[in-house]
Amino acid sequence: ETLALLKKHHVEPEIILYLEQPPSLTQLCQLLKKLKLKAHDLLRTQETEYQTLGLGDAQCTDEQLLKAMIQYPKLMERPIVVCGEQAVLGRPPENILKLL
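Undergrad: Before we go on, may I ask you to explain the pattern of salt bridges in this structure?
TA: Opposite charge on two side chains makes pairing possible when the charged atoms of those side chains draw close. As enumerated under the stated definition, the model contains four salt bridges in all. Here Glu47 ties to Arg44 by a salt bridge, and the two come within 3.2 Å at their closest N and O atoms. Like Arg44, Glu47 is buried. The salt bridge partner of Glu49 is Lys74, with a shortest N-O separation of 3.5 Å. Pair noted here: Glu49 is in helix H3 (residues 48–52) and Lys74 is in the loop between helix H4 (62–71) and strand S1 (80–83), with a separation of 25 residues, a long-range link.

Undergrad: Help me understand a nonpolar patch on the surface in this model?
TA: Among the surface-exposed residues, Leu3, Ile15 and Leu17 lie close enough to one another that they form a single nonpolar patch of about 280 Å² accessible area. With respect to the secondary-structure elements, Leu17 resides in the loop between helix H1 (2–8) and helix H2 (25–35).

Undergrad: Help me understand H4, please; the structure alone is not making it clear to me.
TA: Because an α-helix completes one turn every 3.6 residues, residues spaced three or four positions apart along the sequence face the same direction. Burial in H4 covers these residues: Leu65, Leu66, Ala68 and Met69. Seen along its axis, H4 keeps its buried residues to an arc of 160°; they face one direction. Next to the buried residues of H4 lie H2.

Undergrad: For this particular structure, what's the right way to read the layout of surface pockets?
TA: It is a probe the size of a water molecule, rolled over the atoms, that shows where empty space is left. Counted as a void, the largest pocket has a volume near 1,100 Å³. In terms of lining, the largest pocket is formed by 29 residues, of which the most central are Glu14, Ile15, Ile16, Ile80 and Val82. For the lining of the largest pocket, the secondary structure elements donating two or more residues are H1, H2 and S1.

Undergrad: Even after reading the chapter, I still don't get the packing of H2 against H4, so can you show me in this structure?
TA: When two helices pack together, their arrangement is captured by the angle between the axes and the distance separating the axes. Between H2 and H4, the least distance of the axes is 10 Å, while the angle of their chain directions is 115°. It follows that H2 is roughly perpendicular to H4 by the angle criterion. By crossing handedness, the relation of H2 to H4 is classed as right-handed. For the pair formed by H2 and H4, the contact residues are Leu25, Leu28, Cys29 and Leu32 on the first element and Leu66, Met69 and Ile70 on the second. Residues belonging to the contact of H2 with H4 are distributed by class as follows: seven nonpolar, no polar and no charged.

About the criteria used
- Residues numbered from 1 in each chain as written.
- Predicted model: local features only at pLDDT ≥ 70, side-chain atom pairs only at ≥ 80, totals over all residues.
- Heavy atoms only, no water.
- Salt bridge = Lys/Arg side-chain N within 4 Å of Asp/Glu carboxyl O.
- Buried < 20%, exposed > 50% of the residue type's maximum accessible area, 1.4 Å probe, protein only.
- Helix = DSSP H or I, 4+ residues; strand = E, 2+ residues; numbered from the N terminus.
- Patch = residues over 30% accessible without salt bridge, like charges linked within 9 Å, V, L, I, M, F, W, Y side chains within 5 Å.
- Areas by Shrake-Rupley, 256 points an atom, 1.4 Å probe, with all protein chains shown as cover.
- Arc of directions from axis to C-beta.
- Contact = heavy atoms within 4.5 Å.
- 1 Å grid on protein atoms, 1.4 Å probe; cavity = no way out; pocket = protein on both sides within 12 Å on 5 of 7 lines; lining within 4 Å.
- Points joined across faces, edges and corners; volume = space filled by probe spheres on them.
- Axes fitted to C-alpha atoms, helices over the stretch in contact; angles between N-to-C directions.
- Parallel < 35°, antiparallel > 145°, perpendicular 65-115°, else oblique.
- Left-handed = near helix turned anticlockwise from the far one by under 90°.
- Nonpolar A, V, L, I, M, F, W, Y, C, P; charged D, E, K, R; others polar.

Put into structure tokens, the structure is as follows:
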């Protein structure tokens, strides 16, 4: 739905298949900064790995959470749309309108 909305507004995005090529720690930190989110805010809490790794524990550091997202990229909320120095989660798809 997010992709269709982008195309409706004549935007041809660069699509990064992060499940095949996870972001580096540096890229993930930059992405969080653009999203204005904390590491935990980007986690999909219903994933098995979230529960198994105990990522909901308040003792988990941002670095631990980021490393978990790199090792298990399906833990990351998606899609993420980046435009320059800003980014938004594409759920719901209407969020991307903030960038257009």
